Structure formats: structure tokens, C-alpha cells
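# Observations on chain architecture
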Amino acid sequence: MNVFKQLVKSLYSPKDIASFRFQGIGKTILIVFILCAAAIIPASILLGLTISSSIDAVQESISSDIPDFAIENGELTSEANKPVEIKSGDMIIVLDPTGTYTEKEIEQKQNAIGILKNDFVLASNGTAQVFPYDQAGNLTVTKDQITDLANQTGQLKPVIVSAVIMILYLITAFSKFVEVTILALLGLLIRNLVKKKANFKQLWVMSAYSITLATIFIALMTSLQAAVPSQGLVVWFVHLVMLYLAMKELPARKEPALPA
């Protein structure tokens, strides 16, 4: 049976999951990698669109909406005599030569770029990274240079999006292998409770197929941009139920005969 038929059957058939336990570990690893690819497709599409639109929005805002500025001797100077805040798509850009804004205020904007009096602040999903200008020494940066950099970044969008998706895939693959291993370890406990016969390698293979249903479900919800309440608990509940039902299909462990 090819891997795609196996994946389809593992969505609904614990009996088939149990029957896959004798297959080689190499094929099972391939199954996990395929699941990882399926899991990140919706997130990758949304992420790619977000990155692309953000780069375009930032490029447009910097070139046309932000007044001239320069960063020299570790300090921002500008013809603006008050902070300038621009919302561009999901990104907020703040130019503040007055020292009014703080790192915390930029962070609270969730997704924002802060060109502040003494620091450059980049906030993503409410987490800020701060880059003090004085760490760059006597480097001088102007608006025209930033605009040129933004234009070059725009030309590299396919490369940037591809690199981000590859990093997302690697992180997802690592987490899935950890997930399968933890589920297999829990399977050792379930095996003893239901008195079934299976070694750790067989439990690992069964665990890899047992995560299929929840993985595909979460991918579908992501594509619909629908939130799943208590997602982690739901995922692990489904994993454990599928593995338990599959283990119920295993032959019973023979108990040693009592001495006469």
C-alpha cells in the first residue's frame, strides 16, 4: 500500500493503523515528513501573503509617507517636529525624533517598526527586538538609503518567503518527531493497561499514523482561519484516542502460566 493510501486510512481506521506496525522505520519517517508538509501548507500560504503585503506596504510608506530623516552619531534627526505614525496593512511604522515613544509602546502595537530617537525597534506578534544606533558606531543612515534597501528587499520577496517557509517546515518537522516520540512513550503505558503485545518501535510507527487525524484537522482549521479552543488539549486527546483504539486491535499479551 502506498503512503498516501495509508494516510487516508489512518484518518478513520484504527485497525489499519495497527496493521502498519510491522513496516520499516524509513517509510514511517517519510510519512511524518509528508504530514509536516500537509500541516504547513495553509500556514505557509497565509504567511507568504502576509510577508509579501507587508514588504510592499512598508516600501510604499517609507518612500512616500515618512518625512526625510537621518541617523547620525547614534541619534535620529528629522524635519518632523513630532512623532509620525503610519499604519500600512498589518504593520505600523513610527518615526519619532522627539524621544516620545518607548520600546514598550512599540511592542504593544504587536506588529510595528519603530525608528526612534536612539533605537530601531522591530515588533512582531507583540515581541520587540531593539537595535541601538550607537552599536553601529559612526554609521550614517538616511531615508534615501532605507528606501533603496526596501526596494532591494521587495525584489527579494520570493527568496525571503521561501526561506521563511523552509524554516517553518524544519521547525514543524522537529516538533512532529518529538510529538510522535512522546505519544509512543505514552503508548508504553497504554500497552500495559490494555495488556497488548507491542514493542517501542511498533508503538512509534503506530503513533506516527495516530497523529494524522488531528494534524489534518488543524491544517483545515488554519486554512479557514478558524480558531480551535484549547487546541493543544484537543490535539493530544485525539492522538491518544486514535492510538488507544489502534492498540485495542493488537493481539493480547500472553500472561505467564501460574505454577501448579
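Attention in this report is confined to the structure presented alongside it.

A separate point is the overall build of the protein. Scanning the protein for helices and strands turns up 9 helices and 8 strands. Buried residues in the protein amount to 39% of all 260 residues. Intrachain contacts of the protein at a sequence separation of at least 6 include 61% that bridge at least 24 residues. Surface exposure of the protein reaches about 14500 Å², of which carbon and sulfur atoms provide 63%.

When strand E1 (residues 69–72) meets strand E2 (residues 75–78), the two strands line up antiparallel, connected through 4 bridges. Paired with Glu72 across the two strands is Glu75, which belongs to E2. Connecting the antiparallel pair E1 and E2 is a turn made up of 2 residues, with Asn73 showing a positive phi of about 55°. Summarising the sheet, E1 and strand E8 (residues 141–142) pair through 2 bridges and their orientation is antiparallel. Within the sheet, the bridge partner assigned to Ile71 lies in E8 and is Val141.

With that settled, consider the nonpolar core. Counting residues in hydrophobic clusters, the biggest one holds 30 residues, and the most contacted among them are Met206 and Met247. At the level of secondary structure, the elements contributing two or more residues to this core comprise helix H1 (3–10), helix H2 (14–19), helix H3 (25–64), helix H6 (157–194), helix H7 (200–210) and helix H9 (231–248). Counting residues per element, this core draws most heavily on H6, which supplies 7 residues. Leaving out residues up to four positions away in the same chain, Met206 has contacts with Ile17, Ala18, Arg21, Leu243, Ala246, Met247 and Leu250. Ile71, Leu95, Ile115 and Val141 belong to the second-largest nonpolar core, a separate cluster that totals 14 residues.

On to the pattern of salt bridges. Within the structure shown, the criterion is met by 4 salt bridges. Put simply, Glu75 and Lys117 hold a salt bridge, and the shortest N to O gap is 3.4 Å. A residue pair is termed long-range when its members are at least 10 positions apart, and Glu75 in strand E2 and Lys117 in the loop between strand E5 (112–115) and strand E6 (119–124) qualify at 42 residues. The partner of Glu179 in a salt bridge is Lys176, with the nearest N and O atoms 3.6 Å apart. With Glu179 and Lys176 both in helix H6 and 3 residues apart, this pair spans about one turn of that helix. An identical accessibility class is assigned to Glu179 and Lys176; each is buried.

Let us look at the packing of helix H5 (residues 143–155) against H6. Look at H5 against H6: their axes get within 4 Å of each other, and the N-to-C directions meet at 65°. By the criterion of interaxial angle, the relationship of H5 to H6 is roughly perpendicular. For the pair formed by H5 and H6, the contact residues are Thr153, Gly154 and Gln155 on the first element and Lys157, Pro158 and Ile160 on the second. The class makeup of the residues in the contact of H5 with H6 is 2 nonpolar, 3 polar and 1 charged.

Okay, the environment of Asn73 next. With respect to the element layout, Asn73 can be found in the loop between E1 and E2. Considering only alpha carbons, one finds Asn73 and Ala136, 63 residues apart in sequence, at a separation of 9.2 Å.

Before going further, it helps to examine H1. Every buried residue of H1 is accounted for by Val3, Gln6, Leu7 and Ser10. Buried positions in H1, seen along its axis, are confined to an arc of 100° and lie on one side of it. Opposite the buried face of H1, at more than 90 degrees from it, the exposed residues are Phe4 and Lys5. Of the residues that open H1, the one with a side-chain oxygen 3.1 Å from the backbone nitrogen of Phe4 is Asn2.

Moving on to the environment of Asn111. Structurally, Asn111 is set in the loop between helix H4 (103–107) and E5. Sequence separation between Asn111 and Leu188 is 77 residues; the distance between their C-alpha atoms is 44 Å. When neighbours within four sequence positions are excluded, Asn111 is seen to be in contact with Asp90, Met91, Ile92, Ala123, Ser124 and Asn125.

Here is what the cut-offs are and how they apply
- Residues numbered from 1 in each chain as written.
- Predicted model: local features only at pLDDT ≥ 70, side-chain atom pairs only at ≥ 80, totals over all residues.
- Heavy atoms only, no water.
- Helix = DSSP H or I, 4+ residues; strand = E, 2+ residues; numbered from the N terminus.
- Buried < 20%, exposed > 50% of the residue type's maximum accessible area, 1.4 Å probe, protein only.
- Contact = heavy atoms within 4.5 Å.
- Areas by Shrake-Rupley, 256 points an atom, 1.4 Å probe, with all protein chains shown as cover.
- Pairing = 2+ DSSP bridges.
- Core = buried A, V, L, I, M, F, W, Y, C linked by side-chain atoms within 4.5 Å.
- Salt bridge = Lys/Arg side-chain N within 4 Å of Asp/Glu carboxyl O.
- Axes fitted to C-alpha atoms, helices over the stretch in contact; angles between N-to-C directions.
- Parallel < 35°, antiparallel > 145°, perpendicular 65-115°, else oblique.
- Nonpolar A, V, L, I, M, F, W, Y, C, P; charged D, E, K, R; others polar.
- Arc of directions from axis to C-beta.
- Polar contact = N/O pair within 3.5 Å; in protein donor to acceptor, adjacent residues only side chain to side chain.

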